[in-house]
Amino acid sequence: MKVPVIVAVYNEAPTVGTLLERVWAQPVPRMTKEMVIVESNSTDGSRQLVADFAARHAADPSVRIQVIYQPAPLGKGNAVRQGLAAATGDILMIQDADLEYDVADYPDLLKPILEERAAFVLGSRHMGPNGWKIRKFAHGGLQAHIMNLGGMVFHTVFNVLYGTRLTDPTTMYKVFLASCLQGLELTRDRFDFDFELLAKLLRRGFTPVEVPVSYKSRGFDEGKKIRPFRDPFTWMTTLISCRLAFLPPPAAVVAATEKTPRPAHRSGTS
């Protein structure tokens with residue numbers, strides 16, 4: 001089996017080189033690995049860092065590396081969608097180009113799928129020993145509290161709309177069988193893509209297993225790109241539109257869900 005790791009890159013020069021090397025070096029159990037890097041015409045040198053990384057490992061066949069160079073920044077969602085379309089593997093994983101998440105969590109994220117306990121896994125930042133830890137900015141306590149409150153609101157809205165009890169629906173770590181995307185139309189271009197992907201997989205009958213992951217937040221002065229006065233509006237419209245949209249389940253979903261035993265930790269949806 002092969003796991004493609006989709007990495008969207010835009011203006012991440014301080015971290016992208018380190019992140020790509022960590023992804024490349026991180027072992028995955030009983031699988032081969034592919035890296036699909038989508039670079040969105042950064043203005044800070046990230047594109048050259050990506051090119052240097054790909055050239056440095058081009059002769060090593062142990063990890064297949066695909067690099068897609070977009071002509072302009074079209075949004076994280078657009079980059080991830082392009083990466084998913086180019087991936088050639090069995091289990092898909094989404095990875096940000098910063099260092100907020102720890103690639104050492106890959107084995108735990110893959111384990112429920114490899115053991116056929118789930119077709120879809122979320123890495124929860126709130127299930128570990130430190131509990132809630134979305135924002136702990138070194139500078140700007142008020143900003144951290146506002147971001148945390150906003151996260152709690154959107155988590156609650158999501159769970160109410162979709163009848164779930166997920167601890168972290170906004171997590172970056174989403175891991176799922178490639179077959180889950182069969183016949184699924186994804187259209188969102190910005191950070192609302194995260195909600196669209198989760199909502200549509202749930203509506204198709206794929207209930208995620210959540211596993212705890214490590215997380216270290218960064219602030220806006222460190223490159224965080226969410227826009228508090230713009231993105232929440234697109235998130236809310238996406239949540240509502242995906243809940244109301246007609247989404248017929250394909251036959252492949254029925255087969256996949258019948259094959260996957262009922263996981264121990266579930267969050268149902270209607």
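Quick caveat, the model's predicted, so the values are computed rather than measured. Each chain carries its own residue numbering, running from 1 in the written order of its sequence. This being a predicted model, a pLDDT of at least 70 is required before a residue's local features are given, and a value of 80 or more before pairs of side-chain atoms are given or counted; all residues contribute to the totals for chains, interfaces and linings. Hydrogens are left out, water is left out, and the side-chain values use all remaining heavy atoms of the structure.

Visitor: Help me understand helix H6 (residues 192-203), please; the structure alone is not making it clear to me.
Guide: An α-helix turns once per 3.6 residues; consequently, residues spaced three or four apart project the same way. Over its 12 residues, H6 runs 16 Å from end to end, which matches the ideal 16 Å to within 8%, given 1.5 Å per residue. Relative accessibility under 20% of the residue-type maximum defines a buried residue, over 50% an exposed one, and the middle range a partly exposed one, all with a 1.4 Å probe and only protein chains included. Helix and strand labels come from DSSP, where a helix needs a run of H or I of at least four residues and a strand needs a run of E of at least two; each type is numbered from the N terminus. Of all 12 residues in H6, 11 are buried, a share of seventy percent or more. For H6, every residue scored as buried is listed here: Asp192, Phe193, Asp194, Phe195, Glu196, Leu197, Leu198, Ala199, Lys200, Leu201 and Leu202. Trailing H6 by a residue or two, Gly205 shows a phi angle of about 100°, which is positive. An expected span of 1.5 Å times one less than the residue number is assigned to each helix.

Visitor: Hey, could you run me through the packing of H6 against helix H7 (residues 231-244) in this one?
Guide: The axes are straight lines fitted to the C-alpha atoms, using for helices just the contacting stretch, and the angles between their N-to-C directions are given from 0 to 180°. One way to put it is that H6 packs onto H7 with a least axis distance of 9 Å and a crossing angle of 20°. Between H6 and H7, the angle is such that the two are roughly parallel. Here the hand of the crossing between H6 and H7 comes out right-handed. Along the contact surface, H6 presents Asp192, Phe195, Glu196, Ala199, Lys200 and Arg203, while H7 presents Thr234, Trp235, Thr238, Leu239, Cys242, Arg243 and Leu244. Comment on the angle field: the value is read as roughly parallel under 35 degrees, roughly antiparallel over 145, roughly perpendicular from 65 to 115, and oblique elsewhere. In this scheme the handedness of a crossing depends on how the near helix is turned from the far one: anticlockwise by less than a right angle means left-handed, clockwise means right-handed. We call two residues in contact whenever any of their non-hydrogen atoms come within 4.5 Å of each other.

Visitor: What's the story with the confidence of the model for the protein in this structure? I'm lost.
Guide: A residue's pLDDT is the predictor's confidence in that residue, given on a scale from 0 to 100. The predicted model of the protein has a mean per-residue pLDDT of 86, with 79% of residues at 70 or higher. Segment residues 261-270 is flagged for pLDDT under 50; beyond a separation of four residues in sequence, or across chains, it makes 22 contacts in the model.

Visitor: Would you mind showing me how to read the pattern of salt bridges here?
Guide: Note that side chains of opposite charge can pair when their charged atoms are close. Think of a salt bridge as a Lys or Arg side-chain nitrogen and an Asp or Glu carboxyl oxygen that are within 4 Å of each other. Enumeration over the complete set of coordinates arrives at 10 salt bridges. Of the charged contacts, one joins Arg81 and Asp189 as a salt bridge, the two residues approaching to 2.4 Å between their closest N and O atoms. Pair noted here: Arg81 is in helix H3 (residues 76-86) and Asp189 is in the loop between strand E6 (174-177) and H6, with a separation of 108 residues, a long-range link. Residue Arg81 is classed as partly exposed on the basis of its relative accessible area, which comes to 23%. Across the salt bridge formed by Glu115 and Arg117, the nearest N and O atoms sit 2.8 Å from each other. The exposure class of Arg117 is partly exposed, given its relative accessible area of 31%. Connected through shared salt-bridge partners, Lys76, Asp96, Lys174 and Asp194 make up one network.

Visitor: What should I look at first to understand unusual backbone geometry in this one?
Guide: Glycine aside, negative phi is the norm for most residues, and most peptide bonds take the trans geometry. The phi angle at Asn41 is positive, at roughly 60°, despite the residue not being glycine. Even without being glycine, Glu116 reaches a positive phi, approximately 60°. Secondary-structure assignment places Glu116 in the loop between helix H4 (106-114) and strand E5 (120-124).

Visitor: Any chance you could explain the sheet that holds E5 here in plain terms?
Guide: Paired through backbone hydrogen bonds, the strands of a sheet run either parallel or antiparallel to each other. Paired strands, in this sense, are two strands between which DSSP finds at least two bridges. A sheet is described by the order of its strands in space; here 7 strands give the open sequence E3-E2-E1-E4-E6-E5-E7, paired in mixed fashion. With partners counted over all chains shown, the strands left at the sheet margins are strand E3 (63-69) and strand E7 (209-212), one partner each. Each adjacent strand pair in this sheet contributes to an overall mean axis angle of 20°, direction not counted. With 4 bridges connecting them, strand E1 (residues 2-9) and strand E4 (residues 91-96) associate as parallel partners. Note that in E4 the partner of Ala8 across the bridge is Asp96. Lying over the sheet, helix H1 (residues 13-25) contacts E1, strand E2 (32-39), E3 and E4, oriented at roughly 160° with respect to E2.

Visitor: Is there a simple way to think about the environment of Gln70 in this case?
Guide: As for its placement among the helices and strands, Gln70 is situated in the loop between E3 and H3. When its relative accessible area of 1% is taken as the criterion, Gln70 is described as buried. Along the backbone, Gln70 and Ser42 are 28 residues apart, and their C-alpha atoms lie at a distance of 9.4 Å. Ignoring any residue separated from it by four or fewer positions in sequence, one finds Gln70 in contact with Val38, Glu39, Ser40, Asn41, Arg47, Asn78, Ala79 and Gln82. Any pair of nitrogen or oxygen atoms within 3.5 Å is treated as a polar contact; in protein, a donor-acceptor pairing is required on top of that, and neighbouring residues in sequence qualify only through side-chain atoms on both sides. At a separation of 2.7 Å, a polar atom in the side chain of Gln70 contacts the side chain of Ser40. In this structure the side chain of Gln70 is engaged in a polar contact, spanning 2.8 Å, whose partner is the side chain of Gln82.

Visitor: Any chance you could explain helix H2 (residues 46-56) here in plain terms?
Guide: Within H2, the full set of buried residues consists of Ser46, Val50, Phe53 and Ala54. Down the axis of H2, the sector holding all buried residues measures 95°, keeping them to one side. Across from the buried face of H2, at angles greater than 90 degrees, the exposed residues are Ala55 and Arg56. The inward-facing, buried residues of H2 abut E1, H1, E2 and E3. Taking the helix axis as origin, the arc is that swept by the directions to the C-beta atoms.

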